[in-house]
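# Observations on the model geometry
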Amino acid sequence: MKKLFAILLFCVSTYTVCAINARDVHFRSAGVDVDSQKFLLQWDFPNPALVDTVFVEMLIYAPQLTNLYTIDTLNNQSTQYLADSVGCCTPHAFALRLKGADSTIFITNLFRTMQLNQLVLDSCANSISMRWSPYQKLSKSSYQPISGFTDEIRYHIYGYAGSSTFNADSVVWLGTSEGDTSYVLDTVQVHKYYHLYVAAVYGSDTSYSNRQSIFTPLPARPQYINIDSVLVGRKSTLLRFHIDPNTEYDRFCVEKSDNAEGEFIPFKEFTDKQQTSVSCDTDGSSLVFYRVSAINSCSLPTVSSPVATSLIVKAQNDGTRNTISWNQVTYNDSAATYNVYRTAPSELATFVGNTSLTSIIDNLSALPDSSILSTFCYIVEALIEGENQQPISYVRSYNTCSTVTPQVYMPNALQLSSSATNPITRKSRNLFEPVSSYAFNYMLYIYARNGKQIYKGSEPWNGRENNIGDFVTEGSYVYFAKITFANGNSLEKNGNVTVVY
């Protein structure tokens, strides 16, 4: 008898499985009934004939209560027990065990409740941190093993967010913790009661923790913040935006970065949620990414607009064509279409074209030379459309200009006896003159190596002295040319030309 008492004492202190003929008893599940919030214990008696009366004993885990005591008596046909008198929702976990009237028949192990004992609201992260005591694995009888039994426990978090009264019909799955007894519920709704509990899945069994509630007295976040337009100038940029008027936030910030995936730096803070624009200094030539964020009491951005991009344009002249190029603009992963306008010279201002690419060519070949040889300026507009082709974001570049610089080619040889043409200039090889794709006038000077002037005139040099005398000898001669274009601009060229026969 003393030996039996020692065995039972060991079982209570260590909560291990300790039973005489315990193979005839095993638990199916143990946990809190979600609706009634009472502890429910379920088991099997493969051989109930061996059992007469079943005692349900409880141990509350509290400093002042350390002894097991009987809380109910059941008959041998019972396979579950709803702990009607147990306050399972108190902060203290407790344990139950079953014992036969004759303790030599069976004594089950103690099963400790899985207690959801901590809900903490983080107002900065807008989240709820949960923590609970681990689910104690039930003893499984080898006499009748339970199908699907494994050693892994998964915790599923369930809850209802609404009024202070729990609504079991509105419970939804909120997340899963793989064996860890803690979980963070992200981005909770504000001004709601969250009724939360944990379901432990162990093999084919599911057991539930108690249910805890917490209120979320947080300011309502904006449902949206949108940047409507980014208007880029040479020295400043104007952002236009709108913020959900129903938000309870009163701190907002405009942020910028030189990298869409990089760190955004706050540069202007404001408190009026009805404010619709802000301007900032920019150099007009650097790519900048912008967003508008709502700031919480911890000075952290919580809700941000999609990132909006400035539009940086380059214009490059190539003879009678200007190539206009720019960076790609996206907004909330939507790509833009682009409208390109020529703004100068004013008499030639026009719509150049529409494209989804990031460059376009403005062909100037149909214009007179006096017009082409000007400074051309362009503005590009990026338009991002939402549903039904409604614009949701608009970006306009600053006025970008390119001056057409005519290219002048000077042949490096004069072949007096040739009747062929130069394949590059398409000019006769036995004449020496400037070549350009633009109309121009010129004055040409030719000198011998000794400094003697051989030719001066506004016509091509034919290799003769003053174009009427004898042909000059073979060799190298020095030229100087002043070229004047149709718009009055001029340039000078000088170098050497070799005369050959």
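Every value quoted in this text rests on a predicted model; they were computed, and no experiment measured them. (Residues numbered from 1 in each chain as written. Predicted model: local features only at pLDDT ≥ 70, side-chain atom pairs only at ≥ 80, totals over all residues. Heavy atoms only, no water.)

### So, the sheet that holds strand S25 (residues 321-326)
Each strand in a sheet pairs with another by means of backbone hydrogen bonds, the pair being arranged parallel or else antiparallel. To keep things clear, this is the line we draw: Pairing between strands is defined by DSSP: at least two bridges between the two strands are required. Going along the chain from the N terminus, every DSSP run of H or I of four or more residues is numbered as a helix, and every run of E of two or more is numbered as a strand. Helix axes use the C-alpha atoms of the stretch in contact, all axes being lines fitted to C-alpha atoms, and the angles between their N-to-C directions lie in the range 0 to 180 degrees.
Within the open sheet, the three strands sit side by side as S24-S25-S30. Their pairing is antiparallel. Strands at the two margins of the open sheet, each flanked by one partner only, are strand S24 (313-318) and strand S30 (359-363). The average undirected angle you get between the axes of adjacent strands in this sheet is 20°. Relative to S25, S24 runs antiparallel, the two being bridged by six bridges. Residue pairing across strands places aspartate 318 opposite arginine 321, the latter belonging to S25.

### What about the packing of aromatic side chains?
Aromatic rings in a pair are described by how distant their centres are and how their planes are angled relative to each other. Here is the rule we go by: Only the six-membered ring of Trp is used, alongside the rings of Phe and Tyr, when aromatic pairs are assigned; centres must lie within 6.5 Å, and planes under 30 degrees apart are stacked while those over 60 apart are edge-to-face, with the rest tilted.
Going through the model one piece at a time under the given rule, you end up with 14 aromatic pairs. Between phenylalanine 440 and phenylalanine 485 the ring centres are 6.2 Å apart and the planes differ by 65°, which places this aromatic pair in the edge-to-face class. In this pair, phenylalanine 440 is assigned in strand S37 (residues 440-447) and phenylalanine 485 in strand S39 (residues 475-485), connecting sequence segments 45 residues apart. Between tryptophan 461 and tyrosine 477 the ring centres are 5.9 Å apart and the planes differ by 65°, which places this aromatic pair in the edge-to-face class.

### Points about the pattern of salt bridges
Convention followed: In the sections that follow, a salt bridge refers to a side-chain nitrogen of Lys or Arg positioned within 4 Å of a carboxyl oxygen of Asp or Glu. For every residue, the accessible area (1.4 Å probe, protein chains only) is compared with the maximum for its type, and the residue is labelled buried under 20%, exposed over 50%, or partly exposed between those bounds.
The full count for this structure, using the stated rule, is six salt bridges. In this structure, arginine 251 and glutamate 269 form a salt bridge, with 3.0 Å as the shortest nitrogen-oxygen distance. Of this pair, arginine 251 sits in the loop between strand S17 (236-243) and strand S18 (252-257) while glutamate 269 is found in strand S19 (residues 265-270), placing the two residues 18 residues apart along the sequence. A residue is classified by how much of its surface remains accessible, and arginine 251, at 24% relative accessible area, is partly exposed. For aspartate 362, the salt bridge identified is with arginine 342, shortest N-O distance 2.8 Å.

### Regarding the sheet that holds strand S38 (residues 453-457)
With mixed pairing, five strands are arranged side by side in an open sheet as S35-S40-S39-S37-S38. The sheet terminates laterally at strand S35 (413-415) and S38, the two strands that pair on one side only. Across the sheet, the mean angle from the axis of one strand to that of its neighbour is 25°, orientation sign disregarded. Examined bridge by bridge, S37 and S39 share eight bridges and lie antiparallel to one another. Each bridged residue has a counterpart across the sheet, and for methionine 443 the counterpart in S39 is lysine 482.

### Here's the deal with the state of the cysteines
Selection criterion: When two cysteine sulfur atoms lie within 2.5 Å, the pair is treated as a disulfide.
Across all of its chains, the model carries two disulfides by this definition. Bridging cysteine 124 to cysteine 298, the disulfide has an S-S length of 1.5 Å. Judged by the sign of its S-S torsion, about -40°, the bond between cysteine 124 and cysteine 298 is left-handed. You can see cysteine 124 sitting in the loop between strand S8 (116-122) and strand S9 (127-132) and its partner cysteine 298 sitting in the loop between strand S21 (289-295) and strand S22 (301-304), a full 174 residues away along the chain. For cysteine 124, a relative accessible area of 23% translates into the label partly exposed. Here cysteine 377 is linked by a disulfide to cysteine 401, with a sulfur-sulfur distance of 1.9 Å. With the S-S dihedral at roughly 105°, the linkage between cysteine 377 and cysteine 401 falls on the right-handed side. A residue pair is termed long-range when its members are at least 10 positions apart, and cysteine 377 in strand S31 (residues 375-385) and cysteine 401 in strand S33 (residues 400-403) qualify at 24 residues. Judged by its relative accessible area of 6%, cysteine 377 is buried. Judged by its relative accessible area of 33%, cysteine 401 is partly exposed.

### Section: the pairing of S18
Of all the six residues making up S18, five are buried; the element is thus mostly covered by neighbouring parts of the structure. Sheet topology note: the S18/S19 ladder contains five bridges and is antiparallel. Residue pairing for S19: cysteine 253 is matched across the bridge by glutamate 269. For S18 and S21, the ladder comprises six bridges, and the chain directions are antiparallel. Bridge pairing in S21 links serine 257 to phenylalanine 289.

### Some points on unusual backbone geometry
A cis amide bond links alanine 344 with the next residue in sequence, proline 345, at an omega value of 0°. With a phi angle near 60°, serine 299 is a residue other than glycine that sits in the positive phi range. Relative to the assigned elements, serine 299 resides in the loop between S21 and S22. Residues other than glycine seldom take positive phi values, yet asparagine 467 does so here, at roughly 70°. With respect to the helices and strands, asparagine 467 occurs in the loop between S38 and S39.

### A few points about the pairing of S38
Put simply, side chains in a regular strand alternate between the two faces of the sheet. The sheet contact formed by S37 and S38 spans four bridges and is antiparallel. For tyrosine 445, the partnering residue across the bridge sits in S38 and is lysine 456. Connecting S37 to the antiparallel partner S38 that follows it, the hairpin turn spans five residues, and glycine 451 within it adopts a positive phi of roughly 95°.

### Digging into the confidence of the model for the chain
For clarity, the threshold we go by: Per-residue confidence from the predictor is reported as pLDDT, which spans 0 to 100. Note on contacts: a residue pair qualifies if any of its non-hydrogen atoms lie within 4.5 Å across the two residues.
The predicted model of the chain has a mean per-residue pLDDT of 82, with 83% of residues at 70 or higher. With pLDDT under 50 throughout, residues 1-23 is counted as low confidence; its partners more than four residues away or in other chains account for 32 contacts. Note that pLDDT drops below 50 for residues 140-150; the model gives that stretch 28 contacts with residues more than four away or on any other chain.

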